[in-house]
Amino acid sequence: MSRPREKYPLPRGLFVGVHTTFLVLIAIIVLVPLASIFVGTFQDGNDVIRNGISFDVDLAALSFDNYVMLFTDSGLYFRWFLNSFLLTAAQVAGTLLVSSFVAYGFAMYDFKGRNVGFIAVLLLMTVPFEMMMLPMYVMVNDLGLADTYIVVVLPFLAAAVTIFFFRQYFLGVPKELLEAGRVDGVTEFGIFFKLVLPISKPAVAAMAILNGMIIWNNFLWPLLVLRSAEKFTLPIGLNTLLTPYANNYELLIIGAFFSLIPILVLFLLFQRFFVAGMTAGALKG
Amino acid sequence: MKKMLYSQRLAPYFFIAPFVITLLGFWMLPLGRSIIMSAQEVLYGDATFIGADNYQRLVRDRVFWKSLFNSIRYMVLTLMLLIPVPMFLAAIINTRIGSPRIKNFVKASLFVPALTSVVVAGIIFRLMFAETGSGLMNQVIGFFGHGPVRWLRQDIPGLVALLALAMWRYTGVNVMYFIAGMQAIPEDYYEAASIDGASKIQQFFRITVPNLKPTLVYVTTISVYGGLAMFLESFMLYAGNNSPNNQGLTLVGYLYRKGIQENDLGFASAVGVVLLVLIMTINITHLTLTGTFKKEESR
């Protein structure tokens, strides 16, 4: 029997052509919003706010003025950029450390309460933060801890999704490694830090990227906690520029565009880790 | 002390302690207080018990029902858009035809919107859906002969803008989920089907869709939560929590207005409890239906 022929509704060459054209068209449509804000960075801010962004622009009116302004006279913008950068770095490091630590407990030991504890992890994985917004906001105000970075970070160090991901990874680590460590007189914590964590680099990389992206873009909780302008992160700072009374719409537009750059660079360098981290939860069944 | 570091019986409790502390301190405790507060009138830190008054106020509150309606409408529409469309795109990307380089470019492009913060995405879409004739979307519909629309001032056009924003940000992520799910389906299924003479379309509905069940369950779940708890997309698109006739107000938006903007903590807590009950009902139903509880118990 001959190899079954693939059935195509059109002659094969034409079919491939239609297929490719369609996909490229979709990709272009998806990139249009980013391209249009990019065009907006060369325009007058008040014009853009009044008339919207589009590709129908007067080429003679385009200028680099906004770029000059960004680097010479952009007020707190780079302060916010630095705040976001440092906060993201610190929170990613803390989240990876604490969450992998917790995940190790769930993955490697049999103990009373493990199932209940792990079901709590699964529940927290899907509960949207919006549900906790008010209770946590009230608590922070009562404790007088508003406007501090520690409160922005602390509730999210033991992050459910990250715990889940590390636990799945640790389940694949051979138990003989742990036994060998115990025979050599390494403590239980030493086994985690010195033997297991060093061989978990792929999991650490995927989670660093995922958390980095989430935390860099984090908006709601920092918006509720941070009050003084010099402590703002980028998303919150940009949001304050979007008011009817603002006088610096150029900074809003070019600042929004510029805030994308670190994440885009990271994505171009580490694309496969992004996808691995994002799709981790979907395949658990 | 030294002995404790070596104890395999105690070690797990040390390992999971940060999670337990977080769960109790940052989730359970505030949540419990919030439930109590929903039965109180809270004025400048003084709380008086008023029983179910807040809930009675809630039931009679038109704006509350409007916000609940908006949240559910948004959730249903995103489910109808953000599952079939990404599944179709994933299916046509995940074929053997076409150049892998072009397909990788398409995949990367689809994913890029997911990297933007809701703030940046909201700013971009607000400007694209500007109400003058020179805004991008009005130019697009103008090309098809339609006059300019005042997008964010009317209910349905505003909803279209909101859904466009949601589609833009989440299509790519869902496509990745479906591609990952499709790649886990054994190739032999398709070979056997094509020997039996099944067409590509039949193969998609008889093999791909049923085998994607775990992915479908996951994507549905996160879409239900994301839809019901949607707030920031609307908050950014309308440049704040106020929209004409509250057309963009969601349940969480109402919670934010009452609790954070108006400091009516007792009443806002009651709104929060409604949201909590809605979400936990769905959550527990979902975990029971997918057998997660059983799986964890028998491990």
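Since the model is a prediction, treat every value here as computed from it, not as a measurement.

Conventions adopted
Residues numbered from 1 in each chain as written. Chains lettered and ligands numbered in written order. Predicted model: local features only at pLDDT ≥ 70, side-chain atom pairs only at ≥ 80, totals over all residues. Heavy atoms only, no water. Helix = DSSP H or I, 4+ residues; strand = E, 2+ residues; numbered from the N terminus. Rg over C-alpha atoms; globule rule 2.2 N^0.38 Å. Buried < 20%, exposed > 50% of the residue type's maximum accessible area, 1.4 Å probe, protein only. Axes fitted to C-alpha atoms, helices over the stretch in contact; angles between N-to-C directions. Parallel < 35°, antiparallel > 145°, perpendicular 65-115°, else oblique. Left-handed = near helix turned anticlockwise from the far one by under 90°. Contact = heavy atoms within 4.5 Å. Buried area = accessible area lost by both parts, 1.4 Å probe. Salt bridge = Lys/Arg side-chain N within 4 Å of Asp/Glu carboxyl O. Pairing = 2+ DSSP bridges. Domains from an automatic or database assignment. Polar contact = N/O pair within 3.5 Å; in protein donor to acceptor, adjacent residues only side chain to side chain. Nonpolar A, V, L, I, M, F, W, Y, C, P; charged D, E, K, R; others polar. Arc of directions from axis to C-beta. Lys, Arg positive; Asp, Glu negative; His and termini not counted.

Student: Describe the overall build of chain B, listing the residues and the values that go with them.
Tutor: A tally of regular secondary structure across chain B gives 16 helices and 2 strands. A compact globule built from 299 residues would reach a C-alpha radius of gyration of about 19 Å, whereas chain B, at 24 Å, exceeds it by more than 25%. If you line up chain B on its principal axes, its C-alpha atoms span 75 × 70 × 35 Å. Expressed as a percentage of the 299 residues in chain B, the buried residues total 52%.

Student: Outline the packing of helix α1 (residues 12-40) of chain A against helix α6 (residues 100-111) of chain B, supporting the account with residue identities and numerical values.
Tutor: Between α1(A) and α6(B), whose axes approach to 9 Å, the crossing angle comes to 30 degrees. Classified by the interaxial angle, the pair formed by α1(A) and α6(B) is roughly parallel. Note on packing geometry: the crossing formed by α1(A) with α6(B) is left-handed. Taking contact as the criterion, the partners of A:His19, A:Thr20, A:Leu23, A:Val24, A:Ile26, A:Ala27, A:Val30 and A:Leu31 in α1(A) are, on α6(B), B:Ile102, B:Lys103, B:Phe105, B:Val106, B:Ser109 and B:Leu110.

Student: Break down unusual backbone geometry for me, citing the residues and quoting the values.
Tutor: Excluding glycine, most residues fall at negative phi; most peptide bonds, likewise, are trans. We note that A:Asp147 has phi near 65 degrees; this positive angle belongs to a residue other than glycine. Looking at the secondary structure, you find A:Asp147 in the loop between α6 (133-142) and α7 (149-153). Accessibility expressed as a relative area gives 15% for A:Asp147, which makes it buried. Residues other than glycine seldom take positive phi values, yet B:Asn263 does so here, at roughly 55 degrees. Classification of B:Asn263 by relative accessible area gives partly exposed; the value is 47%.

Student: If you had to explain the interface of chain B and chain A to someone new, which residues and values would you point to?
Tutor: Think of interface size as the accessible area that goes away when the parts come together; that is how it is often given. With 100 residues of chain B at the contact, the number on the chain A side is 105 residues. For the chain B and chain A pair, buried surface summed over both sides reaches about 9,300 Å², with 78% attributable to carbon and sulfur atoms. The largest share of the area that chain B buries against chain A comes from B:Phe15, B:Phe19 and B:Trp27, three residues that together contribute 9% of it. Linking chain B to chain A there are 1 salt bridge. Of the charged contacts in the structure, one is a salt bridge between A:Asp142 and B:Arg33, with a shortest N-O distance of 2.5 Å.

Student: Provide a residue-level description of the pairing of strand β1 (residues 40-43) of chain B, including the pertinent values.
Tutor: Residue and element names in this part refer to chain B. Residues Gln-40 and Val-42 of β1 are buried on one face, while the alternating residues Glu-41 and Leu-43, pointing to the opposite face, are not. The sheet contact formed by β1 and strand β2 (residues 46-49) spans 4 bridges and is antiparallel. Counted as the bridge partner of Leu-43 is Asp-46 from β2.

Student: Describe the domain arrangement of chain A, with residues and values.
Tutor: Residues and elements named next belong to chain A. Segmentation of chain A into domains returns domain 1 (12-71) and domain 2 (76-283). For domain 1 and domain 2, the distance between their C-alpha centres works out to 32 Å. Taken together, the contact between domain 1 and domain 2 spans 15 residues of the former and 12 residues of the latter. Carbon and sulfur atoms make up 87% of the area that domain 1 and domain 2 hide from each other, which totals about 1,300 Å². Remark: the boundary between domain 1 and domain 2 carries 0 salt bridges. Between domain 1 and domain 2 we count 1 residue pair in polar contact (both at pLDDT 80 or more) in total. Elements that contribute at least two residues to the side of domain 1 that touches domain 2 include exactly α1, α2 (45-51) and α3 (65-72). Of all the elements, α3 adds the most residues to the side of domain 1 that touches domain 2, at 5 residues. The class makeup of the residues in the side of domain 1 that touches domain 2 is 9 nonpolar, 5 polar and 1 charged.

Student: I'd like to hear about the environment of B:Ala166, residue by residue, with values.
Tutor: Residue and element names in this part refer to chain B. Within the fold, Ala-166 resides in helix α9 (residues 155-183). Each C-alpha atom of the pair Ala-166 and Leu-81 lies 9.6 Å from the other, and the pair is 85 residues apart in sequence. Each residue touching Ala-166, except ones within four places of it in the same chain, is listed here: Tyr-74, Thr-78, Leu-82 and Thr-171.

Student: How would you summarise the domain arrangement of chain B if you had to cite specific residues and measurements?
Tutor: Residue and element names in this part refer to chain B. The domain architecture assigned to chain B consists of domain 1 (1-37) and domain 2 (52-297). Relative placement of domain 1 and domain 2: their C-alpha centres are 34 Å apart. With 4 residues of domain 1 in contact, the opposing surface of domain 2 contributes 6 residues. Regarding the contact of domain 1 and domain 2, the summed buried area is about 390 Å², with carbon and sulfur atoms giving 68% of it. When the buried surface of domain 1 facing domain 2 is broken down by residue, Ser-34, Ile-35 and Met-37 rank first, second and third, together holding 86% of it. For the interface between domain 1 and domain 2, the tally reads 0 salt bridges. Applying the counting rule to domain 1 against domain 2 returns 0 residue pairs in polar contact (both at pLDDT 80 or more). Among the residues forming the side of domain 1 that touches domain 2, the class breakdown is 3 nonpolar, 1 polar and no charged.

Student: Which residues make up helix α9 (residues 175-183) of chain A, and what are the values?
Tutor: Residue and element names in this part refer to chain A. Those residues of α9 that fall on the buried side of the exposure criterion are Leu-178, Gly-181 and Arg-182. For α9, the buried positions fall inside an angular range of 100 degrees around the axis, keeping them on one side. Exposed and facing more than 90 degrees away from the buried side of α9 are Glu-176 and Val-183. Buried residues along α9 sit in contact with α4 (77-108) and α10 (188-196). Downstream of α9 by one or two residues, Gly-185 has phi in the positive range, about 80 degrees.

Student: Tell me about the side chain of B:Lys103, and please be specific about residues and values.
Tutor: Counting through the fold element by element, B:Lys103 comes out in helix α6. It turns out B:Lys103 is buried and unbridged, and the closest side chain with the opposite charge, B:Glu187, is 11 Å from it. Polar side-chain contacts of B:Lys103 include one of 2.4 Å to the backbone oxygen of B:Thr95. Excluding residues within four positions of it along the chain, B:Lys103 makes contact with A:His19, A:Leu23, B:Ile93, B:Thr95, B:Arg96, B:Ile97 and B:Gly98.

Student: Let's hear about the side chain of A:Gln91: which residues, and what values?
Tutor: Residue and element names in this part refer to chain A. Tracing the chain through its elements places Gln-91 in helix α4. On the basis of relative accessibility, which here comes to 3%, the residue Gln-91 falls in the buried class. Once residues lying within four places of it in the same chain are set aside, the contact partners of Gln-91 are Val-152, Val-153, Phe-156, Leu-157 and Ile-215.

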